[in-house]
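# Structural description and commentary
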Amino acid sequence: SPEPLGHVLSRICRLTYAQMHALVGPLGLHRGQPLVLKALWGQEGLTHTELGHLLHVRPATVTNMIKHMEQAGFVERRTDEQDRRVSRVYLTDAGREIQGQVQQMWIEFEAQVFDGLDQQECTLLRRMLEQVQDNLLHLHSGPSSEGEDQA
C-alpha cells in the first residue's frame, strides 16, 4: 500500500527545514527569520503578537527570533509611544538591504523545489497545500500546538 500522505508531508517539511537552513545561513539568518523580514518589509512596527499571528508561531518563538535578529543587526525593538508595555519591531538598514538577497534566495529555492512542475500543476499544488494548511489550522484553537514552529 502507498505511504501515508502525512509521512510524505512530514518528510517534505524536514527536507525544507534542512535546505532553508543551508540557504539562509550564509546571509547571516536562521530558519524562520526570512518570514519575519518579509512581514516587516510589508509593514514595519508590528508587535510580537502581530508577528506571531502572521507567522502562526507562539509569542515565545517570536521573542526569541526577534532577539537573535536584533543581535545580528537586522531589526530593532522600540517601545510603543501610546502603550509603554508594548514593543514594536522595525527594520534596520541591514534588514532593508538584505531584501534583494532574500528574495533571490526564495526564487532560486522555489525553482529547484518545483522543478518539473508546470504552472498549472504549481497552481493546483498551491490550492491543495493551502487546503491542507487550513485543515491543520482548524485542528487546534490557536498557535499553541506542539511542533507547529517547525514550518
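Now for a look at the structure at hand. (Residues numbered from 1 in each chain as written. Predicted model: local features only at pLDDT ≥ 70, side-chain atom pairs only at ≥ 80, totals over all residues. Heavy atoms only, no water.)

## Some words on the overall build of the protein
- A tally of regular secondary structure across the protein gives seven helices and three strands.
- In terms of principal-axis extent, the alpha carbons of the protein reach across some 60 × 35 × 25 Å.
- Per-residue burial for the protein yields a buried fraction of 26% across its 151 residues.
- For the protein, long-range pairs separated by at least 24 residues make up 57% of all intrachain contacts whose partners lie at least 6 apart in sequence.
- Total accessible area computed for the protein in this model is approximately 10,400 Å², and 54% of it derives from carbon and sulfur atoms.
- A distance of 5 Å separates the average location of the 14 positive side-chain charges in the protein from that of its 20 negative side-chain charges. (Helix = DSSP H or I, 4+ residues; strand = E, 2+ residues; numbered from the N terminus. Buried < 20%, exposed > 50% of the residue type's maximum accessible area, 1.4 Å probe, protein only. Contact = heavy atoms within 4.5 Å. Areas by Shrake-Rupley, 256 points an atom, 1.4 Å probe, with all protein chains shown as cover. Lys, Arg positive; Asp, Glu negative; His and termini not counted. Charge placed at Lys NZ, Arg CZ, Asp CG, Glu CD.)

## As for helix H3 (residues 48-55)
- Buried residues of H3: His-48, Leu-51, Gly-52 and Leu-55, and no others. Taken down its axis, H3 places every buried residue within 100° of arc, on the same side. In H3, the exposed positions that point more than 90 degrees away from the buried face belong to Thr-49, His-53 and Leu-54.
- The inward-facing, buried residues of H3 contact helix H2 (33-42), strand S1 (46-47), helix H4 (59-71), strand S2 (75-79) and strand S3 (87-91).
- Where H3 ends, the next residue or the one after it, His-56, has phi of about 60°, a positive value. (Arc of directions from axis to C-beta.)

## Overview of the pairing of S3
- Both S1 and S3 contribute to a ladder of two bridges, which runs antiparallel. Opposite Leu-46, over in S3, you have Val-89 as the bridge partner.
- Relative to S3, S2 runs antiparallel, the two sharing five bridges. Among the inter-strand pairings, Glu-76 is bridged to a residue of S3, identified as Tyr-90. (Pairing = 2+ DSSP bridges.)

## Quick word on the nonpolar core
- By size, the foremost hydrophobic cluster in this structure holds 25 residues, and its most contacted members are Leu-29, Val-36, Leu-37, Leu-51, Val-75 and Ile-98.
- Mapped onto this core, the elements with two or more residues apiece are helix H1 (5-24), H2, H3, H4, S3 and helix H6 (99-113).
- Counting residues per element, this core draws most heavily on H2, at five residues.
- Ignoring any residue separated from it by four or fewer positions in sequence, one finds Val-36 in contact with Leu-51, Leu-55, Met-65, Ile-66 and Met-69. (Core = buried A, V, L, I, M, F, W, Y, C linked by side-chain atoms within 4.5 Å.)

## Re the sheet that holds S1
- The strand order S1-S3-S2 describes an open sheet built from three strands, whose pairing is antiparallel. Sheet topology places S1 and S2 at the edges, where each strand pairs with a single neighbour.

## What about a nonpolar patch on the surface?
- A cluster of nonpolar side chains, contributed by Val-132, Leu-136 and Leu-139, occupies part of the molecular surface with about 280 Å² of accessible area.
- Within the secondary structure, Leu-136 is located in helix H7 (residues 119-139). (Patch = residues over 30% accessible without salt bridge, like charges linked within 9 Å, V, L, I, M, F, W, Y side chains within 5 Å. Salt bridge = Lys/Arg side-chain N within 4 Å of Asp/Glu carboxyl O.)

## Focus: the state of the cysteines
- Following the criterion strictly, the structure yields zero disulfides and no others.
- There is no disulfide at Cys-13, and the cysteine sulfur nearest it, in Cys-122, is 17 Å away. (Disulfide = S-S within 2.5 Å.)

## Considering the packing of H2 against H4
- For the pair H2 and H4, the least separation of the axes is 10 Å and the interaxial angle reads 85°. When the axes of H2 and H4 are compared, the pair comes out roughly perpendicular. Residues Gln-33, Val-36 and Leu-37 of H2 lie in contact with H4, whose contacting residues are Met-65, Ile-66, His-68 and Met-69.
- Considering only residue class, the contact of H2 with H4 consists of five nonpolar, two polar and no charged. (Axes fitted to C-alpha atoms, helices over the stretch in contact; angles between N-to-C directions. Parallel < 35°, antiparallel > 145°, perpendicular 65-115°, else oblique. Nonpolar A, V, L, I, M, F, W, Y, C, P; charged D, E, K, R; others polar.)

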